[in-house]
Amino acid sequence: GLQRPRAPPAPGLPLPQNMAAASRGSHQEIVLVAGSYEGQLVGFSIAASSLGSSAAAPAAATPLFAFKAHDGCIRAAAAAADHLVTGSTDNTLGVYNLRKRRAHGSLLQEGGGGAVSALSFYGGTHLLSGGGDGDVCIWRTSDWECLLRMKGHSAPIEALA
């Protein structure tokens, strides 16, 4: 289930914001998220209407958040519906609600697992994670419980689809 190996950002508290959040009016928003080698997570809002309008005019990106999400480098990220999950070499998964801009906490596989290098949502109800230990975990997104941990790979998991 959900474990919290580090304090910031605390579950239920707003994501640290060193920049103002974009307004969420009636326009459709696309959120672009990037993770760094230093464990930083940054997010930008792009209005869907600005995409594809002109090759000469790049879409405007409004900064949403930037903060240290992991102690290790971020190796994977996946999003579905309002969920954003990141995986790191610190062997944890960070869980965030993009709509509410809130951190839910961190996930840690039983037995510690390995560096998380692959994430993939199955619909909005389940998440698959894989990493350096060669295991694949299936997480239920309603309560973030690890339902099944599959062993069998002798090499790290690099991708899931």
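Above this note sits the structure.
Below is a summary of the structure that appears in this document.

1. Quick look at the packing of aromatic side chains
- A complete count under the given rule lists two aromatic pairs for this structure.
- Ring centres of Phe65 and Phe67 lie 6.0 Å apart, and the angle between their planes is 50 degrees; this geometry places the pair in the tilted category. Taken as a pair, Phe65 and Phe67 share a single burial class, namely buried.
- Considering the side-chain rings of Phe67 and Tyr96, the 5.8 Å spacing of their centres and the 70 degrees angle between planes classify their relative orientation as edge-to-face. You can see Phe67 sitting in strand 4 (residues 61–68) and its partner Tyr96 sitting in strand 7 (residues 93–97), a full 29 residues away along the chain. Neither residue differs from the other here; Phe67 and Tyr96 are each classed as buried.
- Chaining the aromatic ring pairs together yields one cluster made of Phe65, Phe67 and Tyr96.

2. Some points on the pattern of salt bridges
- One pass over the structure, following the stated rule, counts seven salt bridges.
- Two residues, Asp135 and Arg149, come together in a salt bridge whose shortest N-O distance is 2.8 Å. In this pair, Asp135 is assigned in the loop between strand 10 (126–131) and strand 11 (136–140) and Arg149 in strand 12 (residues 145–150), connecting sequence segments 14 residues apart.
- According to the relative accessible area criterion, Arg149 is partly exposed, its value standing at 26%.
- For Glu145, the salt bridge identified is with Arg140, shortest N-O distance 2.9 Å.
- The class of Glu145 is partly exposed, set by a relative accessible area of 35%.
- The network of salt bridges with common partners includes Asp133, Asp135, Arg149 and Lys151.

3. Brief notes about the pairing of strand 6 (residues 83–88)
- Across the six residues that make up strand 6, a large majority, six, are buried.
- Of the pairings in the sheet, the one linking strand 5 (residues 74–80) to strand 6 comprises six bridges and is antiparallel in character. Pairing of Ala76 across the sheet is with Gly87, part of strand 6.
- Counting the residues that bridge the hairpin from strand 5 to strand 6 gives two residues, and of these Ala81 lies at a positive phi of roughly 50 degrees.
- Two strands pair when backbone bridges link them, and strand 6 and strand 7 are joined in this way by five bridges, in the antiparallel orientation. Following the sheet pairing, His83 is matched in strand 7 by Asn97.
- Where strand 6 hands over to strand 7, the hairpin turn is made up of four residues, of which Asn91 adopts a positive phi near 70 degrees.

4. What to know about the sheet that holds strand 3 (residues 40–47)
- Strand order in the open sheet made by the three strands is 2-3-4, with antiparallel pairing throughout. Strand pairing shows two members of the sheet lacking a second neighbour, strand 2 (29–35) and strand 4, which therefore form its edges. Shown here is a sheet whose adjacent strand axes are inclined to one another by a mean of 20 degrees, direction ignored.
- Alignment of strand 2 against strand 3, held across seven bridges, turns out to be antiparallel. Opposite Ala34, over in strand 3, you have Val42 as the bridge partner.

Calculation notes
Every chain begins its residue count from 1, and numbering advances along the sequence as written. Restriction of local features to residues with pLDDT of at least 70 applies here, the model being predicted, together with a cutoff of 80 or more for giving and counting side-chain atom pairs; totals for whole chains, interfaces and linings are based on all residues. Side-chain calculation: all heavy atoms of the structure are included, whereas hydrogens and water are not. Two rings from Phe, Tyr or Trp (for Trp, the six-membered ring) form a pair when their centres are within 6.5 Å of each other. A pair whose planes differ by under 30 degrees is stacked, one over 60 is edge-to-face, and the rest are tilted. The buried label applies to any residue whose accessible area, calculated with a 1.4 Å probe on protein chains only, is under 20% of its type's maximum; exposed applies above 50%, and partly exposed to all values in between. By the criteria applied, helices consist of DSSP H or I runs no shorter than four residues and strands consist of E runs no shorter than two, each listed in order from the N terminus. The salt bridge definition used is simple: a Lys or Arg side-chain nitrogen within 4 Å of an Asp or Glu carboxyl oxygen. Pairs of strands are assigned from DSSP output, requiring at least two bridges between the strands. Angular values range over 0 to 180 degrees, each being the angle between N-to-C directions of two axes fitted as lines to C-alpha atoms, with helices fitted over their stretch in contact.

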